[in-house]
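Structure at a glance
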Amino acid sequence: MAQIQPRTSGGKAVRYGIPVAVVGIAAATVGLVPALASSGNPDLPEISAQKLVEKMAASDTEHMSGTVKVSADLGLPGMPGMDGGSGKQGGGLFGGGPHGDGPGGDGKGGGKDSTAQPQEKLMELASGEHTLRVATDGPDKQRVSVVEEAAEYSWIHNGNEAWAYDSGSGTAFHVVAPEDAVSKDRGHGGKLDKGLGNATPQEAARQVLKATEDTASVSVDGTAQVAGRDAYQLLVKPKGAPHSTVDSVRIAVDAENGTPLKFTLSPKGGGKPVVEAAYTKVDFGKPSAGTFDFKPPKGTDVTEQKLDGEALREHHGKSGHHGTSEKGAKPDKDARPELSGLNTLGKGWGAVAELKAPEGAVDGLPGMGGGESEGGSKPSQAEEMLDSFTEKAEGDFGQGRVFKTRLVNALMTEDGTVYVGAVSKEGLIKAAEAAGR
């Protein structure tokens, strides 16, 4: 799954501006229930859930390339002027951008709204359908390209440097890390931000199965063919989390080498999957060395950044500028303030993140201590718009507003506290009331 989520203590990568972030799923843990795959197509030898998870964990696939189709339907509310256009590249709160109808939508370069940073492209993957071309050659070489109708976005990691290039805006982002820092972190697969590599079926599966506590039932639910490969289907269902919005996670695991080939997350509300990432073509051969070479075309607007060792360790995977930037070294006075004070309430599938919104974030919001209609008069235009994509909430915490999607919901209270997680409105209210005790 694409990573639109706050990190635990030590990471403060929650970005302000989108009122929801994916949390809970990455913290979800698994309790194994014995189950056998004895039916389905293709006909494969029986295997227990325990053995299949172990096969995934032991998978040592270092070389592969292929095409991945990613589709996301979070049910994000539409906003005036934020229609994504074609529908395939996403609208709603994540719509627009360099290739949409929002600022910079002419597809031309120039202006600070045109950026090649991976975090912004990951936001676009949170809505609509997208095609990715991926290649990997061990822990130090990866390439992911987002193929669009009239442009292509590529993220290339090669050794101690990474490039992100957006052909639509004519911009590139280049990050260089110290060689010694890369070698020290090599065993953890961490050198540089994984960028769009987080959108692959492998990474999505790894996030769900990253721990082994008893918070979900896991079974082998038949077999399937994905990208011409025989696969077992691993079914993960939350348990002991009545307020979770997740119904199940299904992972198609390559029967030969244990590589996750397809990841499907289904919500309790039914309907099409919230997130699905699947290989349509895959080759486990070694990609050519030139796959990971990149030189920006003439005229590309390049932002250079060098990371020192400490910045690399502290801010791995975080957007923004760390270390020394050769362009735009001064802090951006127009940068959005960040949420702060991350605290996790609960665990597993019912986990809720508690954060503090920037000062003044709730000022002027109707029903939040500011901006109310006077004397019970007709609601203002701002209040009507807010009512169209949020719900009012009340509890021991006072008043608040709930921003809802098909998976992740967020509650912002009148004192500026934000509660967000893959749980229902009732689950957020319960967490807010428990935090106030």
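See the structure printed just above.
Quick look at the structure, then. (Residues numbered from 1 in each chain as written. Predicted model: local features only at pLDDT ≥ 70, side-chain atom pairs only at ≥ 80, totals over all residues. Heavy atoms only, no water.)

Quick look at the overall build of the protein
Each helix and strand counted, the protein has 7 helices and 20 strands in total. The 437 residues of the protein split such that 50% are buried. Looking at the protein alone, contacts between residues at least 24 apart form 60% of all its contacts between residues at least 6 apart. (Helix = DSSP H or I, 4+ residues; strand = E, 2+ residues; numbered from the N terminus. Buried < 20%, exposed > 50% of the residue type's maximum accessible area, 1.4 Å probe, protein only. Contact = heavy atoms within 4.5 Å.)

Structural notes on the side chain of aspartate 137
Along the chain, the position of aspartate 137 falls in strand β3 (residues 127–137). On the basis of relative accessible area, aspartate 137 is assigned to the buried category, the value being 12%. Looking at aspartate 137, its side chain comes within polar contact range of the side chain of lysine 286, at 2.9 Å. In contact with aspartate 137, not counting residues within four places along its chain, are Glu62, His63, Lys286, Pro287 and Phe292. (Polar contact = N/O pair within 3.5 Å; in protein donor to acceptor, adjacent residues only side chain to side chain.)

Observations concerning unusual backbone geometry
For alanine 227, which is not a glycine, the phi torsion comes out positive at approximately 55°. Along the chain, the position of alanine 227 falls in the loop between β8 (216–226) and β9 (229–238).

A look at the nonpolar core
Ranked by internal contacts, the top residues of the largest apolar core, which has 42 residues, are Leu234, Val236, Val249, Ile251, Leu265, Trp349 and Leu407. Formed by 24 residues, the second largest nonpolar core is a distinct cluster that contains Met64, Val134, Val175 and Val226. (Core = buried A, V, L, I, M, F, W, Y, C linked by side-chain atoms within 4.5 Å.)

With respect to the environment of phenylalanine 294
In this fold, phenylalanine 294 is placed in the loop between β12 (275–283) and β13 (301–306). It is 9.5 Å that separates the C-alpha atoms of phenylalanine 294 and histidine 157, two residues lying 137 residues apart in sequence. The contact partners of phenylalanine 294, leaving out residues within four places of it in the chain, are Ile156, Trp163 and Tyr165.

Describing the environment of alanine 227
The class for alanine 227 is partly exposed, based on a relative accessible area of 26%. Every residue in contact with alanine 227, bar those within four places of it in the chain, is listed here: Tyr279, Thr280, Lys281 and Val282.

Some details on the packing of aromatic side chains
Tallying each qualifying case throughout the model produces 2 aromatic pairs. When the ring of tryptophan 163 is compared with that of phenylalanine 294, the centres are 5.2 Å apart and the planes differ by 55°; the resulting orientation is tilted. With a gap of 131 residues between them, tryptophan 163 in strand β6 (residues 161–166) and phenylalanine 294 in the loop between β12 and β13 connect regions that are remote in the sequence. Here the aromatic rings of tyrosine 165 and phenylalanine 294 are separated by 5.5 Å at their centres, their planes lie at 45°, and the arrangement is tilted. In this pair, tyrosine 165 is assigned in strand β6 and phenylalanine 294 in the loop between β12 and β13, connecting sequence segments 129 residues apart. What links up through ring pairs into an aromatic cluster is the set Trp163, Tyr165 and Phe294. (Phe/Tyr/Trp six-rings, centres within 6.5 Å; stacked < 30°, edge-to-face > 60°.)

Some details on the pattern of salt bridges
Proximity of charged atoms lets side chains of opposite charge pair with each other. With the rule as written, the count across this model stands at 10 salt bridges. The partner of arginine 250 in a salt bridge is aspartate 221, and the shortest N-O contact between them spans 2.9 Å. Pair noted here: arginine 250 is in strand β10 (residues 246–254) and aspartate 221 is in strand β8, with a separation of 29 residues, a long-range link. Here arginine 250 falls in the partly exposed class, since its relative accessible area comes to 26%. (Salt bridge = Lys/Arg side-chain N within 4 Å of Asp/Glu carboxyl O.)

Focus: helix α4 (residues 201–208)
Where burial is concerned, most of α4 is hidden: 7 out of the 8 residues are buried. Taken together, the buried positions of α4 are occupied by Pro201, Gln202, Glu203, Ala204, Ala205, Gln207 and Val208. Of the surrounding elements, those touching the buried residues of α4 are α1 (49–58), β2 (63–73), β9, β10, β11 (260–267) and β12.

Observations concerning α1
Within the span of α1, buried status applies to Ala49, Leu52, Val53 and Met56. Buried residues of α1, viewed axially, fall in a sector of 100°; they line one side. Projecting away from the buried face of α1 at angles above 90 degrees are the exposed residues Lys51 and Ala58. (Arc of directions from axis to C-beta.)

Details of the pairing of β9
Burial analysis of β9 places 7 of its 10 residues in the buried class, the great majority of the element. Pairing of β8 with β9, which is carried by 9 bridges, proceeds in the antiparallel orientation. Each bridged residue has a counterpart across the sheet, and for alanine 224 the counterpart in β9 is alanine 231. Here β8 hands over to β9 after 2 residues, with alanine 227 in that stretch at a positive phi of 55°. Here 6 bridges tie β9 to β10, and the two strands are oriented antiparallel to one another. Across the sheet, the residue bridging to leucine 234 is isoleucine 251, located in β10. (Pairing = 2+ DSSP bridges.)

Quick notes on the side chain of threonine 264
Topologically, threonine 264 is positioned in strand β11. Here glutamate 276 takes part through its side chain, which lies 2.9 Å from a polar atom of the side chain of threonine 264. Once residues within four sequence positions are removed from consideration, threonine 264 is found in contact with Ser248, Val249, Arg250, Pro273, Val275 and Glu276.

Things to note about the pairing of strand β16 (residues 352–356)
Counting buried positions along β16 yields 4 of 5 residues, so the element is predominantly enclosed. Two elements, β16 and strand β20 (residues 417–421), share 4 bridges in a ladder whose sense is antiparallel. Bridged to leucine 355 within β20 is valine 418.

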